[in-house]
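Residue-level listing of the chains:
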Amino acid sequence: MWSKDRLSQISKTVFMIGETLLFSGLAVTPPPFHLPSATLALTPCTTLPYFQGCNPYAQTGRSKLQSQRVTLNQQIIKAMRLRAGAENLLRATDNSKVRETVLLELSFVNSNLQLLKEELEGLNSSVEVYQNEKAALCFPLIPLGLKETKEVDFVTSLRDFIEEHYGEDPAEYEDEILDLMDLRQAARTPSRNDLGVELLISYYNQLNLLESRFLQPNRHLGVFFTWYDSFTGVPVCQQHLSLEKASILFNIAGLYTQIGTRSDRKTQAGLDSSIDAFQKAAGVLSHLIETFTHTPSFDMSPSMQNMLIRLMLAQAQECAFEKMVLPGIHNQYFNLLRVAQEAAKVSEVYSTVHQLITQAPIKEHVPVAWSYTVQVKLEHYRALAHYFVAVAMLDHQLNSQDDTDQQEMLLCQLYDAMPDGLAPLSILRSKEERKRVGKAHLRKAIMGHEEAVRVQNLCKSLKKIEILQEILRVSHKRSLTKYSEHEQEDDFDMMNAPNIIAKSDQKIEMVQPQFFKVKVRDFFHKLGPIGVFSAKQKWTAPRKIHLTAGDQDRGFTLQGESAVQVTSLDPTSDAARSGLRDGDIIVSVAGKDCKWGSVSEVIQMLKQMPENGLDIQVISPQSLETVQLPKCATYSGGLPKTYSLTCLTLDDAKSRKGKKVVKKLSFLNWGIKNTKKTASTVSLPVAVDSGPQQISNRPTLDGSCLY
């Protein structure tokens, strides 16, 4: 809370800064400030020993807010279960006393659920905890809260799939499965900086690899993902990995908004960081719409995402305006009109957001404080635009040294229709006409400031933000003071100021995400090249083939890179009689894994064959079996019919059976170990077919080698 002395000091400071900028033409140079960690250059992934999330028990404002959101989500789902049970009992019984008792209980549950949702809305309205403490004289920005989720156990499902589909011992991949779970756990509490964004993107890239390795088109993974709506707290539980990926994208965008809100907007670097963060947030939300079109949670629906994209771009536009006026507003005619059009542009984009946010069903889901904040800003910046035009008209007169043609052209570009049908040149040359137009703009500025103050007083949450109230009051007082300087007792002129055309020299647009720049290590690299060893390609179990050293003509050729394939097999050869087939993939030679080996490497291993021969292991392709797609256990409070709610408690009922009891690092210190020893890439490797290569102790006519 601000003390009265502090508020008085802020009020005087704001008023004095405004007067100094407008009347003396002096530029204000902000004091030097050390950049926060969020604006520092991102350390490359290869130099980081660990990825880590925030400590969920840290007593910070943001962590307390997220903890309260988790508690409310649990209470909401409990209340919805009680309501579902009461409604089922009401439909099943005919006993009048039971029905009366159930109706009474149902009314209590509905009332409690409404209170919980209002409390969650209050948390979403608490934007002040995300603001930068040094940006005390700035309008608060709106961040997105992160979606909450329950823990997920991948152990059983991935172990079964590795054993069934790939025919390998799942015990060898236990550490990899636990690493994946640690990464997901860390992604639940990302830090509010670039490293937190990198953590979420790393998990998102891992999900893409996981989808290629373990998700068949006609079969679910068998893992239930539960995510809570960011605005209503309503849980959604599905087996689709798409829910997990879409929710991570939403949290990436939300984290960008929190970074943009946290940046110090009293410095050029801080404003650049805010603009970039909000543009990236809009790009991620746009990518979410394009990639996932049928999301079960309303906070990720297309209508909500379109509104959020507009909101993020509007906040980026607001930061661009603050960046332009940060060095100071010189009291010059051309500069004032340019600033006026920039302010009108901010008001215009917020007006578009206000139209979207007040439409059903968005207005029933977003916090009320959001719509009031947007309305306050559109009125405030519109009033600022009229104020700057008024100052340009009242404080400047056309003289012989001015460029008349340029001023006339700029005035024509300022309005869509000239006031009272006057000619631009007549307004510029007449002192009385300039005064009339200036006072008309001041009246509109005063009305706009009064409307902004009125809207702010309608919202309980905004009334608590005293700095917002103080900024609006000072702006209103400044316009009143300016109007009183030119007011006359017998002044009955009520000219209506025309609308100001919005125009901006700042280019604000979505920045599309570039997830490929975050390199990750494929946890299941040992399974082989993902282009060959994937969930969409079924292979037989490895079988042993014995090759003898005495046979000089083994009758097959090898081709391919990273997964060597047998081709042109002679059916009369010893290798064919031993069980080798055309199209087989060699997975090991003499007990050494060669799934990632090239043709030259496999050939070198075969050349080292002892006198008694050696054993190779091969796999053969086979078609995937057609499996009936099981019903997806989905729970969403907004749907009239749902499946059983038992899916929401599976995580609590399941014990981590079969999990290797090893000492694991906490998710707070989750890391990627031995990054120098493994390849780091997010691109999916594919088997690159090369020309057939043949080897033998004797050369052939074409120079190749024959087995």
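For the structure, see preceding data.
Residues numbered from 1 in each chain as written. Predicted model: local features only at pLDDT ≥ 70, side-chain atom pairs only at ≥ 80, totals over all residues. Heavy atoms only, no water.

Turning our attention to the overall build of the protein chain. Along its length, the protein chain carries 19 helices and 10 strands. Pairs at least 24 residues apart make up 79% of the contacts formed inside the protein chain by residues separated by at least 6 positions. Within the structure as shown, the protein chain displays about 33200 Å² of accessible surface, and the carbon and sulfur contribution to it stands at 52%. (Helix = DSSP H or I, 4+ residues; strand = E, 2+ residues; numbered from the N terminus. Contact = heavy atoms within 4.5 Å. Areas by Shrake-Rupley, 256 points an atom, 1.4 Å probe, with all protein chains shown as cover.)

Now for the environment of V98. Tracing the backbone through its elements, the reader meets V98 in helix α3 (residues 96-124). If we ignore the near neighbours within four places in the chain, the residues touching V98 are L89 and T93.

So, about the packing of aromatic side chains. Summed over the entire model, instances satisfying the criterion amount to 13 aromatic pairs. When the ring of Y166 is compared with that of F214, the centres are 6.3 Å apart and the planes differ by 80°; the resulting orientation is edge-to-face. Of the two residues, Y166 sits in helix α4 (residues 155-166) while F214 sits in helix α6 (residues 194-214), which places them 48 residues apart along the sequence. Each member of the pair, Y166 as well as F214, carries the same accessibility label: buried. Measuring from centroid to centroid gives 5.8 Å for Y387 and F388, while their planes differ by 65°, and the two rings are edge-to-face. Exposure remark for Y387: the relative accessible area of 1% places this residue in the buried category. Judged by its relative accessible area of 4%, F388 is buried. Members of the aromatic cluster, each reached through a chain of ring pairs, are F161, Y166, Y173, F214 and F524. Directly above the ring of F250 sits K147, whose terminal nitrogen or CZ lies 5.8 Å from the centroid. Positioned above the aromatic ring of Y173 is the side chain of K526, whose terminal nitrogen or guanidinium carbon lies 4.8 Å from the ring centre. (Phe/Tyr/Trp six-rings, centres within 6.5 Å; stacked < 30°, edge-to-face > 60°. Buried < 20%, exposed > 50% of the residue type's maximum accessible area, 1.4 Å probe, protein only. Lys NZ or Arg CZ within 6 Å of the ring centre and 35° of its normal.)

Let us now look at unusual backbone geometry. Look at the link from A360 to P361: it is a cis peptide, with omega at 0°. Structurally, P361 can be placed in the loop between α10 (333-357) and α11 (368-394). Of note, S568 is a non-glycine position whose phi angle comes to about 50°, a positive value. With relative accessibility at 53%, the residue S568 sits in the exposed group. One non-glycine residue, A590, lies in positive phi territory at about 55°. With respect to the helices, strands and loops of the structure, A590 is situated in the loop between β7 (585-589) and β8 (592-593). Look at A590 and you get exposed, because its relative accessible area is 51%.

Burial along strand β4 (residues 543-547) is one-sided: the face carrying R543, I545 and L547 is buried and the face carrying K544 and H546 is not. Two strands pair when backbone bridges link them, and β4 and strand β9 (residues 614-619) are joined in this way by five bridges, in the antiparallel orientation. The partner of H546 across the bridge, within β9, is D615. (Pairing = 2+ DSSP bridges.)

Take the pattern of salt bridges next. When their charged atoms lie close together, side chains carrying opposite charge are able to pair. Within the structure shown, the criterion is met by 25 salt bridges. The partner of R454 in a salt bridge is E451, and the shortest N-O contact between them spans 2.6 Å. Here the residue R454 and the residue E451 both occupy positions in helix α14 (residues 431-458), the gap between them amounting to three residues, near one helical turn. On the basis of relative accessible area, R454 is assigned to the partly exposed category, the value being 41%. Owing to a relative accessible area of 22%, E451 belongs among the partly exposed residues under this scheme. (Salt bridge = Lys/Arg side-chain N within 4 Å of Asp/Glu carboxyl O.)

With that settled, consider a negative patch on the surface. A cluster of like negative charges, contributed by D160, E163, D169 and E172, occupies part of the molecular surface. Checked against the element boundaries, D160 lands in helix α4. (Patch = residues over 30% accessible without salt bridge, like charges linked within 9 Å, V, L, I, M, F, W, Y side chains within 5 Å. Lys, Arg positive; Asp, Glu negative; His and termini not counted. Charge placed at Lys NZ, Arg CZ, Asp CG, Glu CD.)

Looking now at the side chain of H486. Of note, H486 is situated in helix α16 (residues 466-486). Judged by relative accessible area, H486 falls into the buried class, the value being 18%. Apart from residues no more than four positions distant in its own chain, H486 is found in contact with L394, K435 and K439.

The next thing to look at is the packing of α10 against α11. Where α10 contacts α11, the two axes come as close as 8 Å, and the packing angle between them is 160°. If you check the angle between α10 and α11, you find them roughly antiparallel. The hand of the α10/α11 crossing is left-handed. A class-by-class count of the residues in the contact of α10 with α11 yields 22 nonpolar, five polar and two charged. (Axes fitted to C-alpha atoms, helices over the stretch in contact; angles between N-to-C directions. Parallel < 35°, antiparallel > 145°, perpendicular 65-115°, else oblique. Left-handed = near helix turned anticlockwise from the far one by under 90°. Nonpolar A, V, L, I, M, F, W, Y, C, P; charged D, E, K, R; others polar.)

In this fold, Q216 is placed in the loop between α6 and β1 (225-228). In this structure the side chain of Q216 is engaged in a polar contact, spanning 3.2 Å, whose partner is the side chain of H165. (Polar contact = N/O pair within 3.5 Å; in protein donor to acceptor, adjacent residues only side chain to side chain.)

Moving on, we come to the nonpolar core. Ranked by size, the top nonpolar core spans 141 residues in total, and within it F154, F214, I252 and F524 carry the most contacts. At 16 residues, the largest contribution of residues to this core is made by α11. Look past the residues within four positions of F154 in its chain and what remains in contact with it is I177, L180, M181, R184, Y203, L210, L221, V223 and F225. By size, the runner-up hydrophobic cluster in this structure holds 21 residues, among which are F556, L569, I586 and I603. (Core = buried A, V, L, I, M, F, W, Y, C linked by side-chain atoms within 4.5 Å.)

Right, let's talk about helix α18 (residues 599-607) for a bit. Among the residues making up α18, those that are buried are V599, V602, I603 and L606. Looking straight down α18, one finds its buried side chains confined to an arc of 100°; they lie on one side. Buried residues belonging to α18 abut β4, β5 (557-559), β7 and β9. (Arc of directions from axis to C-beta.)

Turning next to the packing of α10 against helix α12 (residues 404-414). Running from amino to carboxyl end, α10 crosses α12 at an angle of 15°, the nearest separation of the two axes being 11 Å. Considering the angle they form, α10 stands roughly parallel to α12. Considering the relative orientation of α10 and α12, their crossing is left-handed. Contacts from Y333, F334, L337 and Q341 of α10 reach α12 at Q406, Q407, L410, L411, Q413 and L414. Taken together, the residues that form the contact of α10 with α12 break down as six nonpolar, four polar and no charged.

A separate point is the pairing of β1. Alternating positions in β1 separate into two faces, F225 and W227 on one and T226 and Y228 on the other, with burial throughout. Across four bridges, β1 lies against strand β2 (residues 235-238) in antiparallel orientation. Residue pairing for β2: T226 is matched across the bridge by C237.

Let us look at the environment of Q305. Counting through the fold element by element, Q305 comes out in helix α9 (residues 302-325). Residue Q305 is classed as buried on the basis of its relative accessible area of 0%. Along the sequence, Q305 and L288 sit 17 residues apart, while their C-alpha atoms lie 8.3 Å from each other. Sequence-distant contacts of Q305, defined by excluding residues within four places in its chain, comprise F250, L285, L288, I289, D299 and M300.

Here we come to α9. With 24 residues, α9 ought to run about 34 Å at 1.5 Å a step, and its terminal C-alpha atoms sit 35 Å apart, in line with that. The buried count for α9 comes to 19 of 24 residues, which makes it a mostly enclosed element. (Expected span 1.5 Å × (residues − 1).)

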